[in-house]
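Summary of structural features
Spelled out, the chains give:
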Amino acid sequence: MAQQMKPLTLSYSTEIVVRFNEADPLGIVWHGHYVRYFEDGREAFGQEYGLSYLDVYHHGFAVPIVKFQCDYKKSLRYGDKMIIETTYTPCDAAKLLFSYQLFNAATKELVAKGSSVQVFLDLKSNALHLTNPPFFQSWKEKYEMS
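Everything in this summary refers to the structure shown in the same document. (Residues numbered from 1 in each chain as written. Predicted model: local features only at pLDDT ≥ 70, side-chain atom pairs only at ≥ 80, totals over all residues. Heavy atoms only, no water.)

1. Overview of the nonpolar core
Y37, L102 and W139 are the most contacted members of the largest nonpolar core, which totals 30 residues. Residue assignment for this core shows that the elements contributing at least two residues are β1 (10-17), α1 (33-49), β4 (81-89), β5 (95-104), β6 (110-119) and α3 (134-143). Residue contributions to this core peak at five residues, all from α1. Beyond its immediate chain neighbours, meaning those up to four positions away, W139 contacts L10, F45, Y49, G50, L51 and Y88. (Core = buried A, V, L, I, M, F, W, Y, C linked by side-chain atoms within 4.5 Å. Buried < 20%, exposed > 50% of the residue type's maximum accessible area, 1.4 Å probe, protein only. Helix = DSSP H or I, 4+ residues; strand = E, 2+ residues; numbered from the N terminus. Contact = heavy atoms within 4.5 Å.)

Encoded structure:
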C-alpha cells in the first residue's frame, strides 16, 4: 500500500507596526485596515516564496481577490506591533487560498483571523484562467508534496 503524502504547509510571518493614520481619534485601528494587514502578510509570503504580485505580473497575470473573510477578536491600537502569519492552502483549482492570523506581538494574543481567495486573470485577454498557469503549476510542484 503506497503511503500518501500530505501537502506541505507553507507559512510566513512578518511583523508590522500600527501606523498613526490607521487609528481613529481614540487610537483604535479601524476594522477596514485589517484587509491591508492580510495583504501585507500575503505579499511578504510572496516575497519569501517567489509568488509576489510582481512575480505573477511578470508571467502575464493578475490575481484579484474574489473572496475575503475576517473574524475580529481584539482591537489593535496605534503603536502596537503585530505579527501577521500567512499560510498557503494547497488546492487543485486555479486559485490561491490563504489563511491569516494576526497576533499582538507584545501579548501574543490573537487579534484577528481570516482567509482570502484569489483567481488568475490573464492580462492580455482580461479573462479568467480556469487552469493553473504554467508558472504556477511549476511553483506548486516545487512547494507542494502530492
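2. Brief notes about unusual backbone geometry
Backbone geometry follows two general trends: most residues other than glycine have a negative phi, and most peptide bonds adopt the trans configuration. In the Ramachandran plot, K108 falls in the positive-phi region, its phi being about 65 degrees despite a non-glycine side chain. Take K108: it is sitting in the loop between β5 and β6. A positive phi is found at N126, a non-glycine position, where the angle reads about 60 degrees. Secondary-structure assignment places N126 in the loop between β7 (121-122) and β8 (127-128).

3. Some remarks on the sheet that holds strand β2 (residues 61-62)
If you trace the three strands from one edge of the open sheet to the other, you get β2-β7-β8, paired in antiparallel fashion. Here the strands that pair on one side only, and so sit at the sheet edges, are β2 and β8. The sheet contact formed by β2 and β7 spans two bridges and is antiparallel. Bridge pairing in β7 links F61 to D122. (Pairing = 2+ DSSP bridges.)

4. Thoughts on the side chain of D122
On the secondary structure map, D122 appears in strand β7. At a separation of 3.1 Å, a polar atom in the side chain of D122 contacts the main-chain amide nitrogen of S125. (Polar contact = N/O pair within 3.5 Å; in protein donor to acceptor, adjacent residues only side chain to side chain.)

5. As for α1
With 17 residues, α1 extends 24 Å from end C-alpha to end C-alpha; this agrees with the ideal 24 Å at 1.5 Å per step. Buried within α1 are the following residues: H33, Y34, Y37, F38, E39, G41, R42, A44, F45, G46 and Y49. Looking at the residues trailing α1, positive phi occurs at G50, about 75 degrees. (Expected span 1.5 Å × (residues − 1).)

6. A short note on the sheet that holds β4
Pairing is antiparallel across the open sheet formed by five strands, whose spatial order is β1-β4-β5-β6-β3. The sheet terminates laterally at β1 and β3 (65-72), the two strands that pair on one side only. Strand-to-strand twist of the sheet, defined as the mean angle between neighbouring strand axes without regard to direction, takes the value 15 degrees. Contacting β1, β3, β4, β5 and β6, α1 runs over the sheet at an angle of about 125 degrees to β1. Packed on one face of the sheet, α3 meets β1, β4 and β5 and runs near 100 degrees to β4. (Axes fitted to C-alpha atoms, helices over the stretch in contact; angles between N-to-C directions.)

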